[in-house]
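Architecture and fold: a report
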Amino acid sequence: EIVEPLTNYFVARAQKDFNDRNSFIGGIFTATNRNLDGNFNYLHKAAYTGGIDFMHNWKNRDYFVRGNIVSSHVTGSPEAITATQNSITHLFQRVDASHVEVDPTRTSLTGTGGRMEFGKAGGGNWRYGAGVFWRSPELELNDIGFLRQADEIRQFSNIRYLWQTPTKVYRRAQLRLSQSTTYDFEGNHNRTNYEINGDINWDNNWWTEAGFGHKPRIFINTFLRGGPRWRYSDENFYFLFFGSDQQKKFNFTLGHVGNKVQQNAFLFRRYVVRMNYQPLNALNLSLSTEFNINDNKTQYVTQRGFGNTTRYILGDIEQRTWTTTLRLNYSINPNLSIQYYGQPFISRGRYSDFNYVNNAVAEDLSDRVAVYNANQITLNNGLYEVDENTDGNVDYNFGNPDFSFVQFRSNLVARWEYIPGSEIFLVWSQGVTGLDDPRNSLGEALRNQIIDQKKENTFLVKVTYRFVK
């Protein structure tokens, strides 16, 4: 059975430096071509992208201007192009968008994107920059690249001041102000962001980073998966990180990120601990662990038809995520080394207080959504049944969205350079992925789905030989 069509991927890149290496201009071209014999009409038949980029520096590279422009063209069956128009990257079916619409007869899409920026990168104590980037609604790069969201125009600017002369208190420090605004191609003003942050390297080589930001306007076109633009409540956020001298054999980093949101509509907390230990010049150990709290009273769940309307169903999620990464690097000699990487990851989400969108762009949260009461929604055999008009009949239902996702990944690599330029790699990869009961704690999920589970093992050998004259 054919599981993937015969496909050609092609990438060409060229770049030329000139002006004593103070300037360059480059170009890129990519092509993806598929033989769609069989049941593959949902894929693009062909996808092409082309672009140019440039940069120019002057006055000893203190000042710069740089940019890039890219275009894309994808072709395929009406089924494939319709799927692209409806994808989360594009969402041409958005109910309140007048500048895009789904055309089920189209067999191609052509879009553009780019970025232009200028600023001061060196000389003196001041640094600054400003620019704009855009992605047109039809831009599509995902056959051979990556594009998270199209239909976006963003303006940004920043200014920094550096203290570069050491004192008895610090070695160096800087303060940075930045702002950005985002629009879509319909002209909707979707986001405004202001931030002030700084960092300082103290006299003893310990360091501190801190920042504060304000988001007075947050609209998201994609939140309701084809529904109207969604408004998030105004948000203030902050972060604080500090650490010890990274030149010491043992050093650490502690960090915290948090926010405060109008009407407590959502909450984010991030706690970070990183440690690095190098007892020998040839041996390095590092451990990084993070714990995230991500609660949201209006987390998207699904959408259902109700009469002549669509109900966009949301819920109050309580999400906890924990991840730890262990790395080991040991150089036995210049030609033989061992590396280890291991990471358990657990994310659990529990939902309550389900609600539906009433007015997606209302400023007040109570006007934005309507919460189901106990007479309207019941849980029955893993399904939430909704009797919205309380007439005794189920109007629609949806599955229980609670989850507990658990994953473990590790790699052990031995590298031997048996002659100069030629290497042998021995790789042992181990992993497991599972779903646990959302009612369990993160520790119970770790035991049930990682410690007590049989792992998948993969062994690889890679050999290279370099021909030397």
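Everything that follows concerns the structure shown earlier in this document.
Here's what I pulled together on the structure shown here.

Here is what the cut-offs are and how they apply
Along each chain, numbering runs from 1 in the same order as the chain's sequence is written. Side-chain atom pairs in this predicted model are given and counted only at pLDDT of 80 or more, local residue features only at pLDDT of at least 70, and totals for whole chains, interfaces and linings cover all residues. No hydrogens and no water enter the side-chain calculation; it runs on all heavy atoms of the structure. Think of it in three bands: residues with accessible area under 20% of the maximum for their type are buried, residues over 50% are exposed, and the middle band is partly exposed, with areas taken using a 1.4 Å probe on protein chains only. Working definition: helices are DSSP H or I runs of at least four residues, strands are E runs of at least two. Numbering for both runs from the N terminus. Note on contacts: a residue pair is in contact if any heavy atoms of the two residues lie within 4.5 Å. The reported arc concerns the directions from the helix axis to the C-beta atoms and nothing else. Definition of a polar contact: a pair of N or O atoms within 3.5 Å, with one able to donate and the other able to accept a hydrogen when the atoms are protein atoms, and with sequence-neighbouring residues admitted only if both atoms are side-chain atoms. Should DSSP find at least two bridges between two strands, the strands are taken to pair. Here the positive residues are Lys and Arg and the negative ones are Asp and Glu; neither His nor the chain ends is included. Think of a salt bridge as a Lys or Arg side-chain nitrogen and an Asp or Glu carboxyl oxygen that are within 4 Å of each other. By convention, a stacked pair of Phe, Tyr or Trp rings (six-membered ring in the case of Trp) has centres within 6.5 Å and planes under 30 degrees apart, an edge-to-face pair has planes over 60 apart, and any other such pair is tilted. To sit over a ring, a charge needs its Lys NZ or Arg CZ within 6 Å of the ring centre and within 35 degrees of the ring normal. In this scheme, patches are assembled from residues that exceed 30% relative accessible area and form no salt bridge. Like charges are connected within 9 Å, while nonpolar side chains (Val, Leu, Ile, Met, Phe, Trp, Tyr) are connected within 5 Å. Computed with the Shrake-Rupley method and a 1.4 Å probe, the accessible areas treat only the protein chains shown as cover for residues. To form a nonpolar core, buried Ala, Val, Leu, Ile, Met, Phe, Trp, Tyr and Cys residues must be joined to one another through side-chain atoms within 4.5 Å.

Attention shifts here to helix α1 (residues 78-86). Among the residues of α1, Ala-80, Ile-81, Thr-82, Thr-84 and Gln-85 are the ones counted as buried. Check the buried side of α1 and you find it contacts β3 (44-58), β4 (63-76) and β5 (108-120).

A few words now on helix α3 (residues 442-451). Within α3, burial applies to Leu-442, Ala-445, Gln-449 and Ile-450. One side of α3 holds all its buried residues, which, seen down the axis, span an arc of 85°. Looking at the buried residues of α3, the elements they touch are β15 (283-306), β16 (309-333), β17 (336-357), β22 (403-419) and β23 (422-435).

Turning to unusual backbone geometry, a few remarks are in order. Positive phi values are uncommon outside glycine, yet Asn-60 reaches one of about 60°. Within the secondary structure, Asn-60 sits in the loop between β3 and β4. Unlike most non-glycine residues, Asn-264 shows phi in positive territory, near 50°. Following the sequence through the fold, Asn-264 ends up in the loop between β13 (250-261) and β14 (266-280). Taking relative accessible area as the criterion, Asn-264 reaches 48% and is therefore assigned partly exposed.

This next bit is on the environment of Thr-433. As for its placement among the helices and strands, Thr-433 is situated in strand β23. Put simply, Thr-433 and Phe-345 are 88 residues apart on the chain and 9.5 Å apart in space, counted from C-alpha to C-alpha. Among the polar contacts listed, one links the side chain of Thr-433 to the side chain of Gln-407, at a separation of 3.2 Å. Polar side-chain contacts of Thr-433 include one of 3.2 Å to the side chain of Arg-409.

Bringing the pairing of strand β10 (residues 207-220) into the picture now. One face of the sheet, then the other: side chains in a regular strand alternate in exactly this way. Here strand β9 (residues 189-202) pairs with β10 via ten bridges, running antiparallel. Residue pairing across strands places Gly-198 opposite Ala-210, the latter belonging to β10. Hairpin connection, β9 to β10: the antiparallel pair is bridged by four residues, and Asn-205 has positive phi, about 75°. Relative to strand β11 (residues 230-232), β10 runs antiparallel, the two being bridged by three bridges. Residue pairing for β11: Ile-218 is matched across the bridge by Tyr-232.

On the secondary structure map, Arg-127 appears in strand β6 (residues 126-135). Although Arg-127 is buried, it makes no salt bridge; Asp-62 carries the closest opposite charge, 7.0 Å away. A polar side-chain atom of Arg-127 sits 3.1 Å from the main-chain carbonyl oxygen of Ala-121. At 3.2 Å, the side chain of Arg-127 forms a polar contact with the backbone oxygen of Gly-123. Apart from the residues within four sequence positions on either side, Arg-127 is in contact with Lys-120, Ala-121, Gly-122, Asn-158, Ile-159, Arg-160, Leu-162 and Gln-164.

All right, on to the packing of aromatic side chains then. Both the distance between ring centres and the angle between the ring planes are used here to describe each pair of aromatic rings. All told, the structure shown has 23 aromatic pairs when counted by the stated rule. Ring centres 6.3 Å apart and planes at 65° place the aromatic pair Phe-345 and Phe-405 in the edge-to-face group. Residue Phe-345 is located in strand β17, and its partner Phe-405 is located in strand β22; the two are separated by 60 residues in the primary sequence. Under the relative-accessibility criterion, Phe-345 is labelled partly exposed at 25%. Measuring from ring centre to ring centre gives 5.3 Å for Phe-354 and Phe-398, while their planes differ by 65°; the resulting arrangement is edge-to-face. Highlighted residues: Phe-354 in strand β17 and Phe-398 in strand β21 (residues 396-399), separated in sequence by 44 residues. The buried category is assigned to Phe-354, whose relative accessible area is 5%. Taking relative accessible area as the criterion, Phe-398 reaches 1% and is therefore assigned buried. Above the ring of Tyr-63, the side-chain terminus of Lys-120 is found at 6.0 Å from the ring centroid.

It is worth spelling out a nonpolar patch on the surface at this point. Side chains of Val-169, Trp-202, Trp-206, Phe-242, Phe-250, Leu-254, Val-273, Met-275, Tyr-277, Leu-287 and Leu-326 sit close together on the surface and give an oily, nonpolar patch of about 880 Å² of accessible area. Where the nonpolar patch is concerned, the elements lending two or more residues are β13 and β14. For the nonpolar patch, the leading source of residues is β14, giving three residues. You can see Leu-254 is positioned in strand β13. Look at Leu-254 and you get partly exposed, because its relative accessible area is 33%.

Another point: the nonpolar core. Residues Phe-223, Leu-224, Trp-230, Tyr-232, Leu-314 and Val-357 are the most contacted members of the largest nonpolar core, which totals 15 residues. Each residue touching Trp-230, except ones within four places of it in the same chain, is listed here: Ile-218, Phe-219, Ile-220, Phe-223, Leu-224, Thr-298, Leu-314, Val-357, Ala-360, Arg-368 and Val-369. One finds Phe-306, Tyr-356, Tyr-372 and Tyr-384 within the second-largest nonpolar core, a separate group that totals 13 residues.

This next bit is on the side chain of Glu-152. Relative to the elements of secondary structure, Glu-152 occurs in strand β7 (residues 152-163). A relative accessible area of 8% means that Glu-152 is categorised as buried. A distance of 2.7 Å separates a polar atom in the side chain of Glu-152 from a polar atom in the side chain of Arg-135. Excluding residues within four positions of it along the chain, Glu-152 makes contact with Phe-133, Trp-134, Arg-135, Thr-182, Tyr-183 and Phe-185.

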